[in-house]
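# Summary of structural features
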Amino acid sequence: MSPKLLRLLLVTNLYPPQELGGYGRSMADFCWGLQQRGHTVSVISSDAPYLGPSSAGPSGEPVDRRLQLKGSFQGGVRQLQEPAARAAVDTNNHALLKHWIDKGAWDGILLGNLDLLGTELLAPLLESGLPLLHHIGFVTP
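Cut-offs applied
- Residues numbered from 1 in each chain as written.
- Predicted model: local features only at pLDDT ≥ 70, side-chain atom pairs only at ≥ 80, totals over all residues.
- Heavy atoms only, no water.
- Helix = DSSP H or I, 4+ residues; strand = E, 2+ residues; numbered from the N terminus.
- Rg over C-alpha atoms; globule rule 2.2 N^0.38 Å.
- Buried < 20%, exposed > 50% of the residue type's maximum accessible area, 1.4 Å probe, protein only.
- Polar contact = N/O pair within 3.5 Å; in protein donor to acceptor, adjacent residues only side chain to side chain.
- Contact = heavy atoms within 4.5 Å.
- Expected span 1.5 Å × (residues − 1).
- Phe/Tyr/Trp six-rings, centres within 6.5 Å; stacked < 30°, edge-to-face > 60°.
- Lys NZ or Arg CZ within 6 Å of the ring centre and 35° of its normal.

Take the overall build of the protein next. Across its full length, the protein holds 3 helices and 7 strands. In the protein, the succession of α and β elements from N to C terminus is β-α-β-β-β-β-α-β-α-β. Whereas a compact globule of 141 residues would reach a radius of gyration of roughly 14 Å, the protein reaches 15 Å, a difference of no more than 12%. Principal-axis analysis of the C-alpha atoms gives the protein an extent of 55 × 30 × 30 Å. Split into buried and exposed, the 141 residues of the protein put 41% on the buried side.

See below:
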């Protein structure tokens with residue numbers, strides 16, 4: 001009997017070629033391994049042009065770079081301070097996630113780095129009822 005091939009949604013703050021270090025690369029490597037086994041992965045991330053050009057992922061996976069961050073990594077981590085601006089980011093991100101979740105028959109969601117996305121992103125993901133796996137890249141906050 002052949003193993004079931006999965007349709008997975010990967011959600012993370014930064015995704016290669018735009019990245020700062022190991023976390024984004026780890027998520028891309030995980031995506032590559034899943035694709036090598038025949039699974040389908042679509043990525044939702046932010047667009048950080050100061051870290052390089054926007055493009056598909058390193059293994060050709062589609063990347064929707066419309067997630068918004070609550071700040072910037074440019075010149076160090078800079079958080080948005082204005083509550084209304086942070087709420088607007090949450091509203092945008094919730095709508096984008098709902099669009100993607102409703103768009104396809106997903107088997108699960110892979111969640112990467114939440115830095116500058118915030119834990120508010122978890123609500124629509126959990127409400128989907130889909131299995132959710134969070135990759136924890138560091139052992140300290």
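On to the side chain of S46. Tracing the chain through its elements places S46 in strand β2 (residues 40-46). In this structure the side chain of S46 is engaged in a polar contact, spanning 2.6 Å, whose partner is the backbone oxygen of N13. Setting aside its immediate chain neighbours within four residues, S46 contacts T12, N13, L14, Q18, R65, L67 and L69.

A cis amide bond links P16 to the next residue, P17, at an omega of 15 degrees. As for its position among the elements, P17 is in the loop between β1 (7-11) and α1 (22-36). Of note, L116 is a non-glycine position whose phi angle comes to about 65 degrees, a positive value. Structurally, the position occupied by L116 is in the loop between β6 (108-111) and α3 (122-127).

For α1, spanning 15 residues, the distance from its first C-alpha to its last is 21 Å, which sits close to the expected 21 Å at 1.5 Å a residue. Close packing links the buried residues of α1 with β1, β2, β6 and β7 (132-134). Just downstream of α1, G38 is the residue with a positive phi angle, here 95 degrees.

Time to look at the packing of aromatic side chains. Counting across every chain of the model gives 1 aromatic pair. Judged by centre distance (6.2 Å) and plane angle (40 degrees), the rings of W100 and W106 are tilted. On the basis of relative accessible area, W100 is assigned to the buried category, the value being 10%. Seen from the ring of W106, R7 lies directly overhead, with NZ or CZ sitting 4.4 Å from the centre. Just above the ring of W100 sits the side chain of K103; from NZ or CZ to the centre is 4.1 Å.

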